[in-house]
Amino acid sequence: MKRFNRIAAGLLAAGSLASASGAVAQDARTLLYRVEGASGATVYMLGSIHLLSPDAYPLPAPVQTAYADAERVVFETSLDSLMARQQEMAMRGMYPQGKSLRGEIPADLYAQVEAAAPALAALGLSMPILDRMEPWLVALMFQSVEWQKAGLTPEHGVDMHFSGRAKQDGKPTGGLESVEFQLGMFDGMTPDAQIGFLRQSLEEAPQTAEQMRQIVAAWRAGDAARIDAIMNESMDESPALYARMLTDRNAAWVPQIEQMLRGGDDVLVVVGAAHLVGEQSVVKMLRDRGYTVDQL
């Protein structure tokens, strides 16, 4: 399950400790890709860091140029709709009457949760509240507090940044998948997968900040191979989970991107960094279909 936590980091918090990683070198690339269609339309694909610190801005010039060129911006899903349904996501992670965390996870793991629970006091969470939560939600709470300690917040993430700019500039936005799908990604995990996710989240909590530093250093340098190694290594340990979180979604997005390439608008597509790196990435899938995809 260690690899799953890396995927979770890529999807939810491949955050930036920009002040710790230093300035980007003048000749460094970004995690921004460009592909051009026969119609003349250009699609830019930006690997997103979903949680950032405010000192990560301004973003590199190629990224800002791509946004300026794009007539519309497409995210993984509608961010406004997702934010409006955050309470629903939390409710999905609550056990029904008669079930509890204590009764659904191994005793040794429950003891670990009890021991670590004081760390969640800053989020207003106590053990009676955690006991009502399913393991996947408890795991996200523990990860969230670690990201918070590192100064990472979603309001400074790349997605939220460009969503706000698009509203301000009057650019249309869209999503590659439904909010319903996104809400169900964690809730649809098997009980065993949820237990493994929770156990690993607790075990790896002390290393979370350093892992984030490694991810952001690679992201800021545009080092796709390094990001792939950090986020996607050991995928063979849980191929079904890897497919659910990444590769199946990548495959579903590629036809939509091809449709954009046949259109008349230049589009900026902003998705989690893990989706654009590696042998099963959106970039590789497009290249396999004969498209020239340039990293900027």
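Right above here is the structure, for reference.
Not measured: the values here are computed from a predicted model. (Residues numbered from 1 in each chain as written. Predicted model: local features only at pLDDT ≥ 70, side-chain atom pairs only at ≥ 80, totals over all residues. Heavy atoms only, no water.)

A. Representation of the environment of Gly-164 in the model. By the element assignment, Gly-164 lies in helix H10 (residues 158-169). Note: C-alpha distance between Gly-164 and Leu-79 (85 residues apart in sequence) is 10.0 Å. (Helix = DSSP H or I, 4+ residues; strand = E, 2+ residues; numbered from the N terminus.)

B. Fine view of the side chain of Asn-250. Along the chain, Asn-250 falls in helix H15 (residues 239-261). Overall, Asn-250 belongs to the buried group, its relative accessible area being 2%. Ignoring sequence-local partners within four residues, the contact set of Asn-250 consists of His-275, Gln-280, Ser-281, Val-282 and Met-285. (Buried < 20%, exposed > 50% of the residue type's maximum accessible area, 1.4 Å probe, protein only. Contact = heavy atoms within 4.5 Å.)

C. Just the pairing of strand E1 (residues 32-36), in detail. By the bridge criterion, five bridges tie E1 to strand E2 (residues 42-48) in an arrangement that is antiparallel. Bridging from a neighbouring strand, Arg-34 pairs with Tyr-44 of E2. Hairpin remark: E1 followed by E2, antiparallel, with five residues in the connecting loop; positive phi at Gly-40, about 100°. Taken together, the three bridges between E1 and strand E6 (residues 293-295) define a ladder with antiparallel strand orientation. Paired with Val-35 across the two strands is Val-293, which belongs to E6. (Pairing = 2+ DSSP bridges.)

D. Here's a closer look at the nonpolar core. Met-45, Val-113, Leu-130, Phe-162, Leu-198, Leu-268 and Val-269 are the most contacted members of the largest nonpolar core, which has 92 residues in total. Broken down by element, this core gets its largest block of residues, nine residues, from H15. (Core = buried A, V, L, I, M, F, W, Y, C linked by side-chain atoms within 4.5 Å.)

E. How the structure looks around unusual backbone geometry. The omega angle of the peptide bond from Tyr-57 to Pro-58 is 5°, so this bond is cis rather than trans. Mapped onto the elements of the fold, Pro-58 is located in the loop between E2 and helix H3 (61-69).

F. Layout of the pairing of strand E3 (residues 72-75). Pairing of E3 with strand E5 (residues 267-272), which is carried by four bridges, proceeds in the parallel orientation. Considered in E5, the bridge of Val-73 is made with Leu-268. Note: E3 against strand E4 (residues 173-175), three bridges, orientation parallel. What sits directly across from Val-73, in E4, is Thr-173.

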